[in-house]
Amino acid sequence: MTAGIESGTRWPVIRKDITGFRVRPNLVDYEAACAGFSWDEARRALSGLPGGAGLNIAYEAVDRHAAGGNASRTALRFIQADGSTHSLSFADLAQLSNRFAGVLRSLGIVRGERVFSLLGRTPGLYAAILGTLKNASVFCPLFSAFGPEPIRQRLELGEGRALVTTRALYRKKIAPLRASLPHLDHVLLTDADGNPEPGTLDLELLMGQAAPDGAIAVTLPEDMALLHFTSGTTGTPKGAIHVHDAVTAHYATGSYALDLHPGDIYWCTADPGWVTGISYGVIAPLAHGVTVIVDEEEMDADRWYRILAEQRVTVWYTAPTALRMLMKAGADRAAGHDLSALRFVASVGEPLNPEVVVWGQEALGRPVHDNWWQTETGGIMISNLAAMDIRPGSMGRPLPGVRAALVARDEQDKPIVRDGEAVLVTDPDQVGELALRPGWPSMFRGYLNEEDRYRRCFVGGWYITGDLAKRDADGYYWFVGRGDDMIKSSGHLIGPFEVESSLMEHQAVAGAGAIGVPDPVAGQVVKAFIELRPGWEASEDLRMEIIGFARKRLGTAVAPRLLDFTTALPRTRSGKILRRLLRARELGLPEGDTSTVENPPEPPTPETPPGALA
Ligand code: AMP
């Protein structure tokens, strides 16, 4: 294994002294919590279906609170475009989701069949998610900014029997495809207003006819509950299967990684079209019985500061892109907003550069806690914790119940296996492929209809995540890059994230992507693509200045040798830079699956702005 580059020790550790904390964190003694943890014990925090007959995510999220003396507590508070709010109590949500389950029953949609949504963040979406689970059917969200082709692909692969959407989205994206979707028997419009489109149904009308108190179908912990599509680097998207037992992990990680406490006002900015928006925008907080803020609008700095202040948000879960957008808007935008209620800020989904962690302290009064997971893990695996010192740039440590490791790779970048067991990287600060020991409840149970693809994810007793990381001597994990994005230059293994983070520290740089390009001597050299902040002009002088700046920070072996300016880096709609596409475009290679690209070459009509976050 090639030696890893030095961990980002340049940024001072953010120390925590919990004696001054307003609320005592749920996890204070990390080592003791890890040593004493068992998933069986974690399951005891849940109720299980009445009569001990099974486990259902929707019951844990809603009905047990409604039945347990918290019926009138606010479950969801919707903020509409004009800033007005309306709330649903746990009792309201229990009834709405019962009615939705009743609608599915009346349509003959049964256990295991897939119900899709293509909706904005409106009450109908939440009724659909929870009602589908109550009917023992499987919920699959689609991001409403998807174009027709990715929608068609997912509905077809998932064999969706029903779809909940709006009139406008139906007309624009579904109606033209309808004939090519033989499984799609029912389309339910949330805004049909008594006049559904031909071939669709009026959901409100059907909900009005359904009973508000129907029984929840009995589901077992291993029954399929959710299907989340994730893009592959090659081939079609993969449908990751999650089961009802995932709620055990959502609840436990909500305690540990998000530090949820009774009475919290919680805001997750992720759209429920993506896994974060379901696992941590709906299930984890509701399972804890806390109030969830739902903003129907897209990201806007002033609006977001206003929401944080006016709603007295205590726990905020967001994404690096959003934080960088806030940072770009200027710290003065936060001034004048009373953010004193904010207790804990966390971020996920892409590398969080250290300067954002520190900026959080200045602008929000709280540092940002990075955590790591992916669609396949279903829930947070590695995290910075409320009571734990933060090393800016690190993703934190594995949560109790999660066994993480770094697997060594061979010359072809394949995990090394000896005698059936993966060979682990044990020395500090060495790069390996991040792997997890199977057995946590929210682990995906398959890729729908792709048994082989699923099996290939497990090597030598470990689930291989596809990410490269380092672990320091104290057990903190540091993200290096996706396995296939790594750059090897003169024998050095270089993580693009480290290069990009460093470039991002230059005052002219708004966004950066780094890839390896072939070089006859070094094998590869680093090439950077730079988006400039407003007010900066691309020039030869600036190019040389930024390269020099990076060289100073990274050393000549690691710094980019080449640098181009660009006006739009290819990103997924959730803001991740698609280095694979940068590479393909640079080298004139096929671009592969571009269905989740925010600015793809073909026009799949993103109708929400980049602020629509995963
Ligand atoms: P997804 O399955 O779309 O949620 O993407 C998961 C991938 O996002 C991971 O495999 C990582 O490559 C990346 N990712 C998620 N969280 C982080 C993080 N905290 N730091 C760096 N990369 C992350």
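The structure we're discussing is the one just above.
This section reports on the structure supplied with the text. Only a predicted model underlies this, so the values are computations on that prediction, with no experimental measurement involved.

Next up on the list: the overall build of the protein. The secondary structure content of the protein amounts to 17 helices and 29 strands. For the protein, whose C-alpha radius of gyration is 24 Å, the value lies close to the compact-globule estimate of 25 Å for 614 residues. The buried share among the 614 residues of the protein stands at 60%. If you take every contact in the protein between residues at least 6 apart in sequence, the share linking residues at least 24 apart comes to 70%. Accessible surface, the protein: about 23000 Å² in total, of which carbon and sulfur atoms supply 51%. Averaging the coordinates of the 62 positive side-chain charges in the protein and doing the same for the 74 negative ones gives two points 1 Å apart.

Let's shift gears to the environment of Trp-462. Turning to its location among the elements, Trp-462 is positioned in strand 23 (residues 462-471). Exposure remark for Trp-462: the relative accessible area of 2% places this residue in the buried category. Sequence-distant contacts of Trp-462, that is, excluding residues within four places in its chain, are made with Arg-403, Ala-404, Ala-405, Glu-421, Ala-422, Leu-424, Ala-435, Leu-436, Arg-437, Pro-438 and Cys-457.

Moving on to helix 4 (residues 90-106). Think of an α-helix as turning once every 3.6 residues; residues three or four places apart then point the same way. Under the 1.5 Å per step criterion, the end-to-end length of helix 4 is 24 Å for 17 residues, consistent within 8% with the ideal 24 Å. Every buried residue of helix 4 is listed here: Phe-90, Leu-93, Ala-94, Ser-97, Asn-98, Phe-100, Ala-101, Gly-102, Val-103 and Leu-104. Gly-108 sits one or two positions beyond helix 4 and adopts a positive phi of about 80°.

This paragraph deals with the sheet that holds strand 16 (residues 397-398). Picture the strands of a sheet paired through backbone hydrogen bonds; they go either parallel or antiparallel. The strand order 2-1-11-10-12-13-14-15-16 describes an open sheet built from nine strands, whose pairing is mixed. Edge positions in the sheet fall to strand 2 (85-89) and strand 16, since each has one partner strand and no second. Across three bridges, strand 13 (residues 344-347) lies against strand 14 (residues 368-372) in parallel orientation. Residue pairing for strand 14: Ala-346 is matched across the bridge by His-369.

Okay, the site of the ligand next. Residues in close proximity to the ligand total 15 residues, the closest being Asp-370, Asn-371, Gln-374, Thr-375 and Asp-467. In the model, a nitrogen atom of the ligand is placed 3.2 Å from a nitrogen or oxygen of the Gly-349 main chain. At a separation of 2.8 Å, a nitrogen atom of the ligand approaches a polar side-chain atom of Asp-370. Summarising the interface, the protein chains cover 87% of the accessible area of the ligand, which totals 500 Å² for the free molecule. Mapped by element, the contributors of at least two residues to the shell around the ligand are strand 14 and strand 24 (477-482). When residues in the shell around the ligand are grouped by element, the largest group, three residues, is from strand 14. A per-class count over the shell around the ligand returns six nonpolar, four polar and five charged.

What follows deals with the nonpolar core. Among the nonpolar cores identified, the biggest contains 101 residues, and Leu-76, Leu-93, Tyr-266, Leu-286, Tyr-317, Trp-373 and Leu-434 are the most heavily contacted of them. For this core, the element with the most residues is helix 10 (residues 275-287), which contributes eight residues. With residues up to four places along the chain from it excluded, the contact list for Tyr-266 reads Leu-258, Leu-260, Tyr-280, Pro-285, Val-290, Thr-291, Val-292, Ile-293, Val-315 and Tyr-317. Grouped together as the second largest cluster of nonpolar side chains are 29 residues, Ile-293, Val-313, Val-356 and Ile-390 included.

The next point concerns the packing of aromatic side chains. Each aromatic ring pair is summarised here by two numbers: the centre-to-centre distance and the angle between the ring planes. As enumerated under the stated definition, the model contains 18 aromatic pairs in all. With 4.8 Å between their ring centres and 85° between their planes, Phe-37 and Trp-39 make a pair best called edge-to-face. The exposure class assigned to Phe-37 is buried, which follows from its relative accessible area of 18%. Overall, the relative accessible area of 13% leaves Trp-39 in the buried class. With a centroid separation of 5.9 Å and an interplanar angle of 80°, the aromatic rings of Trp-304 and Trp-316 are classed as edge-to-face. Taken together, the positions of Trp-304 in helix 11 (residues 301-310) and Trp-316 in strand 12 (residues 315-318) put the pair twelve residues apart, joining distant regions of the chain.

So, about unusual backbone geometry. In this structure, Asp-429 is a non-glycine residue whose phi angle is positive, near 65°. With respect to the secondary-structure elements, Asp-429 resides in the loop between strand 19 (421-422) and strand 20 (432-436). On the accessibility criterion, Asp-429 (22% relative accessible area) is partly exposed. A positive phi angle is found at Asn-449, which is not glycine, with a value near 60°. With respect to the helices, strands and loops of the structure, Asn-449 is situated in the loop between strand 21 (446-447) and helix 14 (451-455).

Of all five residues making up strand 20, five are buried, and the element is well covered by its neighbours. When strand 17 (residues 404-407) meets strand 20, the two strands line up antiparallel, connected through four bridges. Residue pairing for strand 20: Ala-405 is matched across the bridge by Ala-435.

Within the element layout of this structure, Arg-161 appears in strand 5 (residues 160-165). Overall, Arg-161 belongs to the buried group, its relative accessible area being 18%. The residues touching Arg-161, leaving out its near neighbours within four places in the chain, are Leu-107, Gly-108, Ile-109, Glu-113, Arg-114, His-183, Leu-184, Asp-185 and His-186.

With that out of the way, let us pick up the pattern of salt bridges. Per the counting criterion, the structure on display carries 40 salt bridges. Here Arg-391 makes a salt bridge to Asp-472, at a shortest N to O gap of 2.9 Å. Here Arg-391, found in the loop between strand 15 (382-383) and strand 16, pairs with Asp-472, found in the loop between strand 23 and strand 24; they are 81 residues apart in sequence, far enough to count as distant. Here Glu-586 ties to Lys-527 by a salt bridge, and the two come within 3.0 Å at their closest N and O atoms. One end of the pair, Glu-586, is in helix 17 (residues 579-587); the other, Lys-527, is in strand 28 (residues 523-532), with 59 residues separating them in the sequence.

Position of Gly-516 among the secondary structure elements: in strand 27 (residues 509-519). Each residue touching Gly-516, except ones within four places of it in the same chain, is listed here: Ile-487, Gln-524, Val-525 and Arg-583.

Before going further, it helps to spend a moment on the packing of helix 3 (residues 57-67) against helix 4. Remark: helix 3 packs on helix 4, axes separated minimally by 8 Å, with the N-to-C direction vectors making an angle of 125°. Considering their axes alone, helix 3 and helix 4 lie oblique with respect to each other. Considering how the two elements wind past one another, helix 3 and helix 4 form a crossing that is left-handed. From helix 3, Ala-61, Val-62, Asp-63, His-65 and Ala-66 reach across to helix 4, where they touch Phe-90, Ala-91, Leu-93, Ala-94 and Asn-98. Residues belonging to the contact of helix 3 with helix 4 are distributed by class as follows: seven nonpolar, two polar and one charged.

What counts, and where the lines are drawn
Numbering of residues starts from 1 in each chain and follows the order in which that chain's sequence is written. A pLDDT threshold of at least 70 governs which residues receive local features in this predicted model, and a stricter bar of 80 or more applies before side-chain atom pairs are shown or counted, although totals over entire chains, interfaces and linings include all residues. Hydrogen atoms and water are omitted, and side-chain values are computed over all heavy atoms in the structure. Secondary structure counts use DSSP, requiring at least four H or I residues in a row for a helix and at least two E residues in a row for a strand, with both numbered from the N terminus. Here the globule rule reads 2.2 Å times residues to the power 0.38, and the radius of gyration is calculated from C-alpha atoms. Accessibility here uses a 1.4 Å probe with only protein chains present; expressed as a share of the type maximum, an area under 20% marks a residue as buried, one over 50% as exposed, and anything in between as partly exposed. Contacts are residue-level and defined by heavy atoms, with any inter-residue pair within 4.5 Å sufficient. For the accessible areas, the method is Shrake-Rupley and the probe is 1.4 Å, while residue cover comes only from the protein chains on display. His residues and chain termini do not enter the charge count, which takes Lys and Arg as positive and Asp and Glu as negative. To locate a charge, take NZ of a lysine, CZ of an arginine, CG of an aspartate or CD of a glutamate. Multiplying 1.5 Å by the residue count of a helix minus one yields the expected span of that helix. The pairing criterion for strands is at least two bridges between them, as found by DSSP. The cutoff for a nearby residue is simple: one of its non-hydrogen atoms must lie within 4 Å of the molecule or strand. By the criterion applied in these results, polar contacts are pairs of N or O atoms within 3.5 Å in which, for protein atoms, one can donate a hydrogen and the other can accept it, and in which residues neighboring in sequence qualify only through two side-chain atoms. Think of it as three bins: nonpolar holds Ala, Val, Leu, Ile, Met, Phe, Trp, Tyr, Cys and Pro, charged holds Asp, Glu, Lys and Arg, and polar takes everything else, Gly as well. To qualify as a nonpolar core, a set must consist of buried Ala, Val, Leu, Ile, Met, Phe, Trp, Tyr and Cys residues joined through side-chain atoms within 4.5 Å. Only Phe, Tyr and Trp rings take part, Trp by its six-membered ring, and two of them pair if their centres are within 6.5 Å. Stacked means planes under 30 degrees apart, edge-to-face means over 60, and tilted covers everything else. The salt bridge definition used is simple: a Lys or Arg side-chain nitrogen within 4 Å of an Asp or Glu carboxyl oxygen. In this analysis an axis means a line fitted to C-alpha atoms, helices contributing only their contacting stretch, and an angle means the value between N-to-C directions, from 0 to 180 degrees. An angle below 35 degrees is read as roughly parallel, one above 145 as roughly antiparallel, one from 65 to 115 as roughly perpendicular, and any other as oblique. By convention the crossing between two helices is left-handed if the near helix lies anticlockwise of the far one by an angle smaller than a right angle, and right-handed if it lies clockwise.

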